[in-house]
Amino acid sequence: MEFNQYFVQGMALLGAGIAMIAGLGPGIGQGIAASKACEAVGKNPEAASDIRSMMVLGIALAETTGIYALVIALILVFFKG
């Protein structure tokens, strides 16, 4: 059974859309991290620089998931194999 090119392209675009659902996780995680960092600075202002550096590291690690999903989606959209 052979699929035509339009079916394959449609499935690739559908897969790219599904891959971008992974962008929701980092957005929610970064919002929660920023919220908790603000709460921590409010409770302990002297530790603001330590809290900020830890928050930035956590946000950077969370963002890698979204970037990976974007790369996969772009590969699915532009790959003409």
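The rules behind these values
- Residues numbered from 1 in each chain as written.
- Predicted model: local features only at pLDDT ≥ 70, side-chain atom pairs only at ≥ 80, totals over all residues.
- Heavy atoms only, no water.
- Salt bridge = Lys/Arg side-chain N within 4 Å of Asp/Glu carboxyl O.
- Helix = DSSP H or I, 4+ residues; strand = E, 2+ residues; numbered from the N terminus.
- Buried < 20%, exposed > 50% of the residue type's maximum accessible area, 1.4 Å probe, protein only.
- Expected span 1.5 Å × (residues − 1).
- Arc of directions from axis to C-beta.

### With respect to the pattern of salt bridges
Here's step 1: Tallied over the full model, the rule gives one salt bridge.
Here's step 2: Close ionic contact of E39 with K36 constitutes a salt bridge, the shortest N to O distance being 3.9 Å. Here E39 and its partner K36 are both found in helix α2 (residues 24-43), three residues apart, which amounts to about one turn of the helix.
Here's step 3: We classify K36 as partly exposed; its relative accessible area is 49%.

### Notes on helix α1 (residues 5-19)
Here's step 1: With 15 residues, α1 extends 21 Å between its outermost C-alpha atoms, agreeing within 8% with the 21 Å of an ideal straight helix rising 1.5 Å per residue.
Here's step 2: The set of residues buried in α1 consists of A12, A16 and A19. Viewed along the axis of α1, the buried residues span an arc of 65 degrees, placing them on a single side of the element. Away from the buried face of α1 by more than 90 degrees, exposed residues Y6 and I18 are located.

### As for α2
Here's step 1: The end-to-end C-alpha separation of α2 is 29 Å, in line with the 28 Å expected for 20 residues at 1.5 Å each.
Here's step 2: Looking only at α2, the buried set comprises P26, Q30 and A37. The buried residues of α2 occupy one face: seen down the axis, they fall within an arc of 35 degrees. Structural note: α2 exposes L24, I28, C38, G42 and K43 on the side pointing more than 90 degrees away from its buried face.

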